[in-house]
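Below, each chain spelled out in residue letters.
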Amino acid sequence: MREKWSRTWPLHLMLLPAAIVTFIFAYVPMGGLVMAFQDFKPKHGLFHSEFIGLEHFRFMFEYPDSKEVIWNTLIISGLKIVFGLIVPFVFAILLNEIRRVFFKRVVQTLVYLPHFISWVILGAILTDMLGSKGIVNTTLMSLGMTSIPWLTDGDWFRFTVVVSDIWQNFGFNTIVFLAALAGVNPSLYEAAEVDGANRWKQTIHITIPAMIPIAVVVGTLSLGNILNGGFDQIFNLYNSLVYDKGDIIDTFVYRTAILNGQYSFGTAVGLFKSVIGLIMIVFAYRLAYKYAGYRIF
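In every chain, residue numbers begin from 1 and rise along the written sequence. The predicted nature of this model means local features are confined to residues of pLDDT at least 70 and side-chain atom pairs, given and counted, to a pLDDT of 80 or more, with totals for whole chains, interfaces and linings taken over all residues. Where side-chain values are given, they derive from all heavy atoms of the structure, hydrogens and water being excluded.

Examining the pattern of salt bridges
In step 1: Whenever a carboxyl oxygen of Asp or Glu lies within 4 Å of a side-chain nitrogen of Lys or Arg, that contact is scored as a salt bridge. All told, the structure shown has eight salt bridges when counted by the stated rule.
In step 2: Between glutamate 55 and arginine 58 there is a salt bridge whose closest N-O contact spans 2.7 Å. Residue glutamate 55 and its partner arginine 58 are both found in helix 3 (residues 55-62); the two are separated by three residues, about one turn of the helix.
In step 3: With a closest N to O distance of 4.0 Å, lysine 80 and aspartate 165 form a salt bridge. One end of the pair, lysine 80, is in helix 4 (residues 66-96); the other, aspartate 165, is in helix 8 (residues 154-182), and 85 residues separate them in sequence. The pair lysine 80 / aspartate 165 is uniform in exposure class, with both members buried. Numbering of helices and strands starts at the N terminus; helices are DSSP runs of H or I of at least 4 residues and strands are runs of E of at least 2. Each residue's exposure class comes from its accessible area (1.4 Å probe, protein chains only) as a fraction of the maximum for that residue type: buried when under 20%, exposed when over 50%, partly exposed otherwise.

Here's what the structure looks like:
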């Protein structure tokens, strides 16, 4: 152990600042979770607010709109997870077939750029483009088609949310799949070509099998976000006309609890989400280890 420590202590020293920051900003605030079991009043503080047990959790499930909000969150998050995996998977295969390196790098950079744009900016752009007098509906009407209520109809709102989220993030996941393809031995393609396999058969029998393990890892680990519908995106796009189909847990808590000073209720919902997320992450980690051999430790 002494010999091992003498070799690795610089690495532990480099890790120390990140560990301290994580402890301060991720673990110390967990003490505030006690608010979920209190009728928290800021003037009384954490130590003198009335303890009410599981009352906030009971209210969360008895609230008339709670089931609708949870269902909306599951639908939107599920669609994002499924299509957020399929689209970059297919795009990575197509991009891998491009032989001109310069063009390939340009395309890869362009699809990756939206990942760095804030939803505050993207929300304003989409609201302007998809409005009743926006460029999209104006173009549709000029072609003799009817205007589409992208942001004022619940079903169309869900479609808009899922598509815009995929557009923003699929470039990042594409890089993950391309990294997996970079580890494929080129001699496999050469041997397949000698045996008479065309590009399609090479893709089916070499490229896709090489991507399946990382696809399993990405898909299973994303299950931990099943209750995270994307607060930033929904908050910047939704309105009162689409609450029935577009309101998710985070926006519901912000609108009904945080703005009204119901901090205990908001904490209870956050704790509920964290527990479910932890369970899903553990379950997904076991799936990833069983089917893809992925493990952290």
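Read on for the rest.
Some points on the environment of serine 240
In step 1: As for its position among the elements, serine 240 is in the loop between helix 11 (231-237) and helix 12 (243-246).
In step 2: Owing to a relative accessible area of 54%, serine 240 belongs among the exposed residues under this scheme.
In step 3: Distance from serine 240 to serine 49, taken between C-alpha atoms, is 34 Å for residues 191 residues apart in sequence.

Describing the side chain of glutamine 168
In step 1: Among the secondary structure elements, glutamine 168 is positioned in helix 8.
In step 2: Of the residues examined, glutamine 168 reaches a relative accessible area of 5% and is grouped as buried.
In step 3: Setting aside residues no more than four positions away along its own chain, glutamine 168 makes contact with Pro114, His115, Ile117, Trp119 and Leu122. Throughout, a contact is declared for two residues whenever any of their heavy atoms are within 4.5 Å.

Details of the environment of valine 111
In step 1: Here valine 111 shows up in helix 5 (residues 101-112).
In step 2: Taking relative accessible area as the criterion, valine 111 reaches 15% and is therefore assigned buried.
In step 3: When the C-alpha positions of valine 111 and tyrosine 291 are compared, they lie 30 Å apart, and in sequence the two are 180 residues distant.
In step 4: Setting aside residues no more than four positions away along its own chain, valine 111 makes contact with Phe91, Phe170 and Gly171.

Considering the packing of aromatic side chains
In step 1: The criterion for an aromatic pair is that two Phe, Tyr or Trp rings (for Trp, the six-membered ring) have centres within 6.5 Å, with stacked assigned to planes under 30 degrees apart, edge-to-face to planes over 60 apart and tilted to the rest. In this structure the tally under the stated criterion is 15 aromatic pairs.
In step 2: Here the aromatic rings of tyrosine 238 and tyrosine 243 are separated by 5.3 Å at their centres, their planes lie at 50°, and the arrangement is tilted.
In step 3: Residue class for tyrosine 238 comes out buried when judged on its relative accessible area of 13%.
In step 4: On the basis of relative accessible area, tyrosine 243 is assigned to the partly exposed category, the value being 27%.
In step 5: Taken together, the ring pairs connect Tyr112, Phe116 and Phe172 into an aromatic cluster.
In step 6: Both a distance and an angle decide whether a charge sits over a ring: NZ of Lys or CZ of Arg must be within 6 Å of the ring centre and within 35 degrees of the ring normal. Above the ring of tyrosine 243, the side-chain terminus of arginine 255 is found at 4.0 Å from the ring centroid.

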